[in-house]
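Structure assessment
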Amino acid sequence: MKGGIVGVLCSALLLAVEAACAPNSDAITKVPGFKPNKWVARTWEGNNYACKCHPGDYCWPKQNHWNNLNRTVGGNLRVNLPPGAPCYNTFQGPLGTVNTYDAAKCAAVTAGFPNEQFQIELPTAGLWTYFTNDTCRPTSDPTGSCTLGYYPVLYITAKTVAHIQAGINFARNNNLRLVIRNTGHDFLGRSVGWGSLVINTHSFKSISTTNNWNGPGYNGPAITVGAGVQAFEALARLNSLSPPRIMVTGECATVGVAGGLVQGGGHGPLTNFYGFLADTAVQFKVITADGKIQTANANTNSDLFWALKGGGPAAFAVITEATYKTFADTPSAGINLDINPATNSDPALYWEAVRKFHSYSTHFVDNGLYVYYEIGPVPNTLHVHPIVGVNKTLAQLQAVVQPLFDDLDALGVGYTTSSETYGTFYDLYNAMFEIEMAGNSALTGGWTIGRQDVINNHTAIIDAFQTVMNAGSFIVGHMWSAGHGLPQSEWAKSAINPRFRNVVDKLITIVPVSGDAPLAAKAEAQNRLTNIVDGSLRAAAPNGASYINEADPFQPDWQNAFWGTNYQRLLQIRRKYDPEGVFYAVSTPGTERWEQIETGTRLCVKL
């Protein structure tokens, strides 16, 4: 798609859509709580809404406006096609129909679709496809239907900070739905959005390190990364130093480290020692909703700095650069454990083994271990890969874990295990954490389990695990304690829900469902996730909380679940830095009045 945004779709298509004013829509200029702007009046299920401008509305920008934007961003504005479009004869988009079939490109996208990095390098892909509506998946039948679904309409591949500024200003001035996308590593559909303009920040790949960062609130070794840097890139650079260093990242190596991860908190294998990634941030360079470049640290825009550290993705500003503390790398050891139908065929014995395993969660985190495990999706399967001992010899790690093995042996349950020691944590990270897949469609939920829940209510917790499995879901668990190594004096310096400091296990729950399933099936799956799967966990672990990046955004009382006592302060900061509602991500501070109406399409404020 060269030669401007109309390299694939001709100007006439954009001009045609300008003239087609959507039915049941009128202009609104004033909406309570927002500055005057261009809004579209809509009625849905008996309620009145003021909506952002979408294709076909009176306020959708005209062709010359898009052309001016394209020139401003150096020709990097494009009309969006879904990843699967080359597998179809035609793509029927909101701006027109075009021929798209290309056998070679179809073969490439079909092979690459399950690969995270392949999807990350696409400009608008969501790694998990449920919230795209799955209307154009790769196929071997080119005669099928390919539509845009909930993918964005246009995107900017930002190459400079000025490009990001231009995109924000254009979206604000025209009241467009704006999506900020780096890797698309998101379970909640925040990297896509019907009728939206995307700003892709993945090309910001700068990395620099120093032994002597000297800034507000911190003096010491640090790494500064651009918005597009992924965990494996940052860790490789730190490992190349002499001596090697490390930083807090997620357990998945492909996640970006300067975007939604830190704004949601950012937990990982080093959380026992240093807290969340947000706890290690010392400075951000950002662009706020007014299009201005700002610095946020402990002295400058300190309220924004605090909010960006765990207060919610795509809520306060676009991070273009982040600086984090780094730490000395150390020898580490890991253990794998598997129980499955091949080693144990008795369901009752299996669940007793799960109970024994999980009862050691407080013991593990109190000894500085990180444990990544899966219960399901195959019934009677416990997959623990790995149990990590940072700065521990294998003998030290085995001594901590041995009581669990003794209990499993006493039960008579069959299992397999393996172990290894590594010269650095970096080596363990690359060797023991398994590669994750993309392209699946599912609803994601989750909850955390507090220390007191394990102590006082553990039988109910395991009962809830069984409820999760019986409801057609499965569990991905992460045992860590964000309050174990981080001094208590540091806890309130980030916007993380205070309840996380007493968590010993963070759970992801997954309910498989096709993105193009009938609306009734989607509603049933959402109800099952919210009220049965996660509902059982909330009831069994009342001291827990919910992690915004891996959770059900439609759970009850999400404000308290995600941020607890920090929510009201975050709400005030959101209103200060984004009074016009330029940024949006579902269930983030200040979005109570926002809804995606008309079957999850239009983004609107309820009047």
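Cut-offs applied
- Residues numbered from 1 in each chain as written.
- Predicted model: local features only at pLDDT ≥ 70, side-chain atom pairs only at ≥ 80, totals over all residues.
- Heavy atoms only, no water.
- UniProt positions renumbered as here; feature names shortened; annotations may be inferred.
- Helix = DSSP H or I, 4+ residues; strand = E, 2+ residues; numbered from the N terminus.
- Rg over C-alpha atoms; globule rule 2.2 N^0.38 Å.
- Contact = heavy atoms within 4.5 Å.
- Areas by Shrake-Rupley, 256 points an atom, 1.4 Å probe, with all protein chains shown as cover.
- Lys, Arg positive; Asp, Glu negative; His and termini not counted.
- Charge placed at Lys NZ, Arg CZ, Asp CG, Glu CD.
- Axes fitted to C-alpha atoms, helices over the stretch in contact; angles between N-to-C directions.
- Parallel < 35°, antiparallel > 145°, perpendicular 65-115°, else oblique.
- Left-handed = near helix turned anticlockwise from the far one by under 90°.
- Nonpolar A, V, L, I, M, F, W, Y, C, P; charged D, E, K, R; others polar.
- Buried < 20%, exposed > 50% of the residue type's maximum accessible area, 1.4 Å probe, protein only.
- Pairing = 2+ DSSP bridges.
- Core = buried A, V, L, I, M, F, W, Y, C linked by side-chain atoms within 4.5 Å.
- Salt bridge = Lys/Arg side-chain N within 4 Å of Asp/Glu carboxyl O.

Named according to an unreviewed UniProt entry, the protein is FAD-binding PCMH-type domain-containing protein originating from Podospora pseudopauciseta. Entered under Sequence similarities (unreviewed entry) in the UniProt record, the comment concerning the protein runs "Belongs to the oxygen-dependent FAD-linked oxidoreductase family."

Along the backbone of the protein there are 18 helices and 25 strands. Its C-alpha radius of gyration of 24 Å places the protein within 12% of the 25 Å reference for a compact globule of 607 residues. Taking the principal axes of its C-alpha atoms as reference, the protein extends roughly 75 × 55 × 50 Å. Taking the contacts inside the protein whose residues are at least 6 apart along the sequence as the reference set, 74% of them involve residues at least 24 apart. Accessible area for the protein stands at about 21,400 Å²; split by element, carbon and sulfur atoms hold 52% of it. The average position of the 41 basic charges and that of the 44 acidic charges among the side chains of the protein differ by 12 Å.

We now examine the packing of helix 10 (residues 347–359) against helix 12 (residues 394–411). Geometry of a packed helix pair, given as the angle between the helix axes and the separation of the axes. Between helix 10 and helix 12, whose axes approach to 10 Å, the crossing angle comes to 160°. Between helix 10 and helix 12, the angle is such that the two are roughly antiparallel. Pair helix 10 / helix 12 crosses with right-handed handedness. When helix 10 is examined against helix 12, the residues Leu 349, Glu 352, Ala 353, Lys 356 and Phe 357 are found in contact with a partner set consisting of Leu 404, Asp 407, Leu 408 and Leu 411. Its residues assigned to classes, the contact of helix 10 with helix 12 shows six nonpolar, no polar and three charged.

Turning next to the pairing of strand 22 (residues 474–479). Taken across its six residues, strand 22 has six buried, putting it largely inside the fold. Of the two faces of strand 22, the one lined by Phe 474, Val 476 and His 478 and the one lined by Ile 475, Gly 477 and Met 479 are each fully buried. Bridge count for strand 18 (residues 369–375) against strand 22 is five bridges, and the pairing is antiparallel. Residue pairing for strand 22: Ile 375 is matched across the bridge by Ile 475. Sheet topology note: the strand 22/strand 23 (residues 503–512) ladder contains five bridges and is antiparallel.

The five strands are arranged 1-2-3-25-24 in an open sheet whose pairing can be described as antiparallel. Each edge of the sheet is formed by a strand with only one pairing partner; in this case those strands are strand 1 (27–28) and strand 24 (594–596). Direction of pairing for strand 2 (residues 39–44) relative to strand 3 (residues 47–51): antiparallel, over a ladder of five bridges. For Ala 41, the partnering residue across the bridge sits in strand 3 and is Ala 50.

Among the nonpolar cores identified, the biggest contains 123 residues, and Val 225, Phe 284, Tyr 324, Phe 364, Tyr 373, Ile 375 and Phe 465 are the most heavily contacted of them. Here this core takes seven residues from helix 14 (residues 451–470), the largest share from any one element. The contacts of Ile 375, once residues within four sequence positions are left out, are Tyr 350, Trp 351, Val 354, Thr 381, Leu 382, Phe 465, Met 469, Phe 474 and Ile 475. Tyr 49, Tyr 88, Leu 154 and Val 192 belong to the second largest nonpolar core, which has 47 residues in total.

Moving on to the pattern of salt bridges. One pass over the structure, following the stated rule, counts 14 salt bridges. Residue Arg 137 is joined to Asp 134 by a salt bridge in which the shortest nitrogen-to-oxygen separation is 3.1 Å. Assessed through its relative accessible area of 6%, Asp 134 is described here as buried.

UniProt records the feature "domain: FAD-binding PCMH-type" (unreviewed entry) at residues 148–329, using the numbering of this structure. Here residues 148–329 runs as 21% helix and 29% strand, with 46 Å between its end C-alpha atoms.

A word on unusual backbone geometry. It is generally the case that most residues other than glycine have a negative phi and that most peptide bonds are trans. The omega angle of the peptide bond from Ser 242 to Pro 243 is 0°, so this bond is cis rather than trans. By secondary structure assignment, the location of Pro 243 is in the loop between helix 6 (231–239) and strand 12 (245–246). The phi angle at Asp 134 is positive, at roughly 50°, despite the residue not being glycine. Here Asp 134 shows up in the loop between helix 4 (116–120) and strand 7 (154–157). Despite not being glycine, Ser 587 shows a phi value in the positive range, around 55°.

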